[in-house]
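Tertiary structure, described
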Amino acid sequence: MNPSTKRALSKLNLIRLLSENPEGLSLEELQKVTGHKSISALKKELGELYMIEMYPYTPSDCVEIDFDGERVKIKLPVALNQNFPLTPAEWSILRELVQKHKSLGKNSEQIESILKKINTVIPSEEWSLFEETKSTIIAAIQSKKILEINYWKRSGQESEKRMVAPWILWEESDSYLLGYDLEKKSFRAFRVDCILKIVETKESYDSLPDSAGEWLNGFKQLFSETANQSIMAKVWVTESASFHLNQKMKLNPTGNTKQILETTYYEFSTEVKETNWFVQTVLGYGKSVLVSEPSEIKEMILERLNSITANQTLAN
């Protein structure tokens, strides 16, 4: 980077830092983040800020520096791009780094403030719970502990409790807990993102029935057939909802957008492997996700919504 470009970037970073802090910053606070070797060098650069050429504006149109002897403030009559755009993946990595720093127990107040701001961009509760569920399953498999799970029935509107001897965490395309249902006395596959609550009990199990291998072969075949029979759907999703929904199903952008009242929606195509699960997942996002194709799934969603409305009316 040539010296002129480097000096210009340094000045632009000063503008960004000051504009993000409308109450102003002390010279000492500024020096900590800018890396200037001395306060005098920082003062000199602050004095040069208004000289950045930004045609067709004159320097006085762009930047106005105010220093009352304690804090430096900036006024920008011209709206400049003050954002530091990050991709969803970069936001996730940043959050992981901040959470690791939090574990050190230093600057706890500032760390909590940073995490709160990051979580307004990419809320994490649902995805964190999903990761914790998988960690609990893996630990129970290793220790041979029975799991108590609260599982959402994909064919209905209610959940049910199951006691399961965990066997395999299946993660090919979708995540499943494969295990032996102690009440039904048979092997079952539980979709991980349909598990509402999971608890590792103190009870252990010694071994699984001899039919485990035969059942697994049947599951593999059924899973393969289900994948081959999957259908494609088109959905309109808000920007904020698309990040989390993409963790549950692969969203392929079509490039189309539309405006509904004050909300912007983006169109995606996605593969539907289990219709009931897909419908239940979409319903959980409310107005943030709208299904446009296929028509049979739209009808299922309308039926579910009508059923919910009817049940609420009876309850009242």
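Residues numbered from 1 in each chain as written. Predicted model: local features only at pLDDT ≥ 70, side-chain atom pairs only at ≥ 80, totals over all residues. Heavy atoms only, no water.

With respect to the packing of aromatic side chains
We apply this condition: Aromatic contacts are taken between Phe, Tyr and Trp rings whose centres are within 6.5 Å, Trp giving its six-membered ring; a plane angle under 30 degrees counts as stacked, one over 60 as edge-to-face, and the others as tilted. Here a helix means four or more residues in a row that DSSP labels H or I, a strand means two or more in a row labelled E, and each is numbered from the N terminus. Type-normalised accessible area, obtained with a 1.4 Å probe on protein chains alone, sets the label of each residue: buried when under 20%, exposed when over 50%, and partly exposed for intermediate values.
All chains considered together, the criterion is met by seven aromatic pairs. For the pair Tyr-151 and Phe-190, a centre-to-centre distance of 5.1 Å together with 80 degrees between the ring planes defines the contact as edge-to-face. Remark: Phe-190 occurs in strand β7 (residues 186–191) and Tyr-151 occurs in strand β4 (residues 145–152); sequence separation between them is 39 residues. The same class applies to Tyr-151 as to Phe-190, namely buried. Where Phe-187 meets Trp-215, the ring centres are 5.5 Å apart and the plane angle is 25 degrees; that geometry is what we call stacked. Separated by 28 residues along the polypeptide, Phe-187 in strand β7 and Trp-215 in helix α8 (residues 212–228) bring together distant segments of the chain.

Focus: the confidence of the model for the chain
Predicted coordinates in areas of low pLDDT are best not read in detail. Stated precisely, the cut-off is as follows: Confidence scores here are pLDDT values: one per residue, from the predictor, ranging 0 to 100. Contacts between residues were defined by any pair of non-hydrogen atoms, one from each residue, lying within 4.5 Å.
For the chain, the average pLDDT comes to 76, and 73% of its residues sit at 70 or higher. Within the chain, helix α4 (residues 59–62) has the poorest average pLDDT of any element, 49, and strand β10 (residues 252–260) the best, 91. The low-confidence segment residues 51–60, where pLDDT is below 50, has eight contacts with residues more than four positions distant or belonging to other chains. Predicted confidence for residues 125–129 stays below pLDDT 50, and this span has four contacts to residues more than four positions away or in other chains.

Focus on the nonpolar core
Basically, it comes down to this: Only buried Ala, Val, Leu, Ile, Met, Phe, Trp, Tyr and Cys residues count toward a nonpolar core, and they belong to the same one when joined by side-chain atoms within 4.5 Å.
Counting 33 residues, the largest nonpolar core has Ile-137, Ile-149, Val-235 and Phe-278 as the members making the most contacts within it. Sorting elements by how many residues they give to this core places helix α10 (residues 275–283) first, with five residues. In this view, Ile-137 contacts Leu-147, Leu-169, Leu-177, Val-192, Ile-195 and Ile-198; residues no more than four positions away in its chain are not counted. If you look at the next biggest cluster of nonpolar residues, it comprises ten residues, including Ile-15, Leu-18, Leu-46 and Val-72.

A few points about the pattern of salt bridges
What counts, and what does not: By definition here, a salt bridge exists when the distance from a side-chain nitrogen of Lys or Arg to a carboxyl oxygen of Asp or Glu is within 4 Å.
If you walk through the whole model with that rule in mind, you get four salt bridges. Linking Glu-148 and Lys-161 is a salt bridge whose minimum nitrogen-to-oxygen distance equals 3.7 Å. Placement of the pair is Glu-148 in strand β4 and Lys-161 in strand β5 (residues 159–172), with a sequence separation of 13 residues. Judged by its relative accessible area of 27%, Glu-148 is partly exposed. Lys-161 sits in the exposed class, given a relative accessible area of 55%.

Quick word on the environment of Thr-263
Its location among the elements puts Thr-263 in strand β11 (residues 263–272). For the pair Thr-263 and Thr-238, spaced 25 residues apart in sequence, the C-alpha separation works out to 7.4 Å.

Section: the side chain of Ser-242
Under the convention used in this document: Counting of polar contacts relies on pairs of N or O atoms within 3.5 Å, with two restrictions inside protein: one atom must be capable of donating a hydrogen and the other of accepting it, and residues adjacent in sequence are counted only when both atoms are side-chain atoms.
Within the secondary structure layout, Ser-242 lies in helix α9 (residues 239–248). The exposure class assigned to Ser-242 is buried, which follows from its relative accessible area of 16%. Polar side-chain contacts of Ser-242 include one of 2.8 Å to the backbone oxygen of Glu-239.

Thoughts on the environment of Tyr-285
Residue position: Tyr-285 is located in the loop between α10 and β12 (289–293). Separated by 44 residues in the primary sequence, Tyr-285 and Ala-241 have C-alpha atoms spaced 7.5 Å apart.

As for the sheet that holds β12
Keep this limit in mind: The pairing criterion for strands is at least two bridges between them, as found by DSSP. Whenever a helix is involved, its axis is fitted only over the stretch in contact; in every case the axis is a line through C-alpha atoms, and angles between N-to-C directions fall within 0 to 180 degrees.
In spatial order, the strands read β10-β11-β9-β12; together these four strands make up an open sheet with antiparallel pairing. Taken across any chain shown, the strands that pair with only one partner, and hence form the sheet edges, are β10 and β12. For this sheet, the mean inter-axis angle between neighbouring strands, taken without regard to orientation, is 30 degrees. Across six bridges, the pairing between β10 and β11 is antiparallel. Note that in β11 the partner of Ile-260 across the bridge is Thr-263.

Points about unusual backbone geometry
The omega angle of the peptide bond from Glu-293 to Pro-294 is -5 degrees, so this bond is cis rather than trans. With respect to the helices, strands and loops of the structure, Pro-294 is situated in the loop between β12 and α11 (295–315). Positive phi, close to 55 degrees, is recorded for Lys-185, a residue that is not glycine. On the secondary structure map, Lys-185 appears in the loop between β6 (174–181) and β7. Judged by its relative accessible area of 61%, Lys-185 falls in the exposed class.

Considerations on the sheet that holds β5
Taken in spatial order, the five strands make up an open sheet running β7-β6-β5-β4-β8, and their pairing is antiparallel. Edge positions in the sheet fall to β7 and β8 (195–204), since each of these pairs with one other strand and no more. Across the sheet, the mean angle separating the axes of adjacent strands is 45 degrees when strand polarity is ignored.

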